[in-house]
Amino acid sequence: MVYVLLLLGFALLIKGADWFVTGASDLAAFFNVSPMLVGLTIVAFGTGAPEATVSIIAALEGNPGVTIGNVIGSNIINIAGVVGITAIIFPLKAESQTVRKEIPFTVLSSVAILALVGDTSVDHEISNMLSRGDGIILLLFFAIFMYYVFELAMTNRDTQVPVPEKETETTHNWKKSTLYTGIGLGAVILGGYWVVESSTDIALYFGMSETLVGLTVVSIGSSLPEFVTSITAALKKYSDLALGNIVGSCIFNNLFVLGAASIIYPLNIENKIFLDVSFMILLSLVLLVFSRTKWVISKLEGLVLMISYISYLIYIIYRN
């Protein structure tokens, strides 16, 4: 039954992502909103729902290794794996707005996590913990980011040239697009959840540790929605949506998922996770640099990111 759920989850992810990207992109055009903003909000938070679900459930069950490992591992595979493979298939254009603000905000949120969990080195505490107070700080950062995104959305709507009414009516059916977006989102969330749950059961059966499961199987499984959605968006020539999806998902994971999970149940952090957080920060900086090279993440840069992730994956499996 576990293997059947795994296959059904993959099927839902693939088809759901296709409907979700198509519907969300059409809605963006209908309401005169930039596809990048749609990627940073609706698509990013929708595809980040499996990470949120799994991390919060893990926190409630008292499994901090799965919670923190899922978030950090998901962000690493999003930046190195998903962006890398997507760029190899189709080079990703990076809007200057994204490079100047959204990607640096990803770096900032990653550094904030490193600072908040460093209790033994900063405050000379006995153990490292992401407390409820730390969770509130992360959620406040998330609120600031959401305020910025909505302000940007309203500004863009005011400055863009409206689509003629007749053309809008003939090329965009907002009810149909909304239905596609909703069904696609539901399929992506359900498919991602099934993949994560079934793959975790399989991994634990073969004796993998809790932290390794969070950094590998759970993070890879819960990142499949971002992967499938970004690949689909890139193939449909919506590179803004593909990149915005990844950047938004990383910010959502760092600030909202970890913030909510630590408020529900304070998370004890293992010392070895600091290397993983540091690697996440490094990858965020590399993404910032790559996106500034002619405002495009090229096939070669995508290959570098992909090789980085494979090397990291081999290392943490050996480290376990």
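Conventions we followed
- Residues numbered from 1 in each chain as written.
- Predicted model: local features only at pLDDT ≥ 70, side-chain atom pairs only at ≥ 80, totals over all residues.
- Heavy atoms only, no water.
- Helix = DSSP H or I, 4+ residues; strand = E, 2+ residues; numbered from the N terminus.
- Buried < 20%, exposed > 50% of the residue type's maximum accessible area, 1.4 Å probe, protein only.
- Contact = heavy atoms within 4.5 Å.
- Areas by Shrake-Rupley, 256 points an atom, 1.4 Å probe, with all protein chains shown as cover.
- Patch = residues over 30% accessible without salt bridge, like charges linked within 9 Å, V, L, I, M, F, W, Y side chains within 5 Å.
- Salt bridge = Lys/Arg side-chain N within 4 Å of Asp/Glu carboxyl O.
- Phe/Tyr/Trp six-rings, centres within 6.5 Å; stacked < 30°, edge-to-face > 60°.
- Core = buried A, V, L, I, M, F, W, Y, C linked by side-chain atoms within 4.5 Å.
- Axes fitted to C-alpha atoms, helices over the stretch in contact; angles between N-to-C directions.
- Parallel < 35°, antiparallel > 145°, perpendicular 65-115°, else oblique.
- Nonpolar A, V, L, I, M, F, W, Y, C, P; charged D, E, K, R; others polar.

### What to know about the overall build of the chain
- When helices and strands are counted, the chain shows 13 helices and four strands.
- Burial analysis of the chain (320 residues in total) assigns 54% to the buried set.
- Here the contacts in the chain between residues at least 6 apart in sequence split such that 85% fall between residues at least 24 apart.
- Surface summary for the chain: the accessible area is close to 14000 Å², and the carbon and sulfur share equals 70%.

### Considering the side chain of N78
- Inspection of the secondary structure assignment puts N78 in helix α4 (residues 64-89).
- Taking the relative accessible area as the measure of exposure, N78 reaches 0% and is therefore buried.
- With near-sequence residues (within four places) excluded, N78 lies in contact with E51, V83, S223, E226, I246, S249, C250 and N253.

### Some details on a nonpolar patch on the surface
- On the surface, a cluster of nonpolar side chains totalling about 420 Å² of accessible area is made up of I88, L300, L303, V304 and I307.
- No other element matches the four residues that helix α13 (residues 299-319) contributes to the nonpolar patch.

### Regarding the packing of aromatic side chains
- Applying the stated rule across the entire model yields eight aromatic pairs.
- A centroid spacing of 6.3 Å and a plane angle of 45° characterise the contact between Y309 and Y312, whose relative ring orientation is tilted. With Y309 and Y312 both in helix α13 and three residues apart, the pair spans about one turn of that helix.
- With relative accessibility at 4%, the residue Y309 sits in the buried group.
- Taken together, the ring pairs in this structure connect F105, F145 and Y148 into an aromatic cluster.

### Here we look at unusual backbone geometry
- The phi angle at K294 is positive, at roughly 60°, despite the residue not being glycine.
- Within the element layout of this structure, K294 appears in the loop between α12 (273-292) and β4 (296-297).
- For K294, a relative accessible area of 77% puts it in the exposed group.
- The phi dihedral of W295 is positive, around 60°, even though this residue is not glycine.
- Checked against the element boundaries, W295 lands in the loop between α12 and β4.

### Concerning the environment of L285
- The residue L285 is located in helix α12 in this model.
- Its relative accessible area of 38% is what places L285 among the partly exposed residues.
- Separated by 179 residues in the primary sequence, L285 and T106 have C-alpha atoms spaced 9.1 Å apart.

### What about the nonpolar core?
- With 69 residues, the main nonpolar core has I76 and L258 as its most contacted residues.
- Per-element tally for this core: the top contributor is helix α11 (residues 239-264), with 12 residues.
- Contacts of L258, omitting those with residues within four sequence positions, involve T67, I68, V71, I113, L130, L138, N253 and L267.

### Considerations on the packing of α12 against α13
- At their nearest, the axes of α12 and α13 sit 11 Å apart, and the two run at 175° to each other. Here α13 runs roughly antiparallel to α12, going by the angle between their axes. Only E301, V304, L305, S308, Y312, Y315, I316 and R319 of α13 make contact with α12, whose side of the interface consists of L275, D276, F279, L283, V286 and F290.
- The class makeup of the residues in the contact of α12 with α13 is 10 nonpolar, one polar and three charged.

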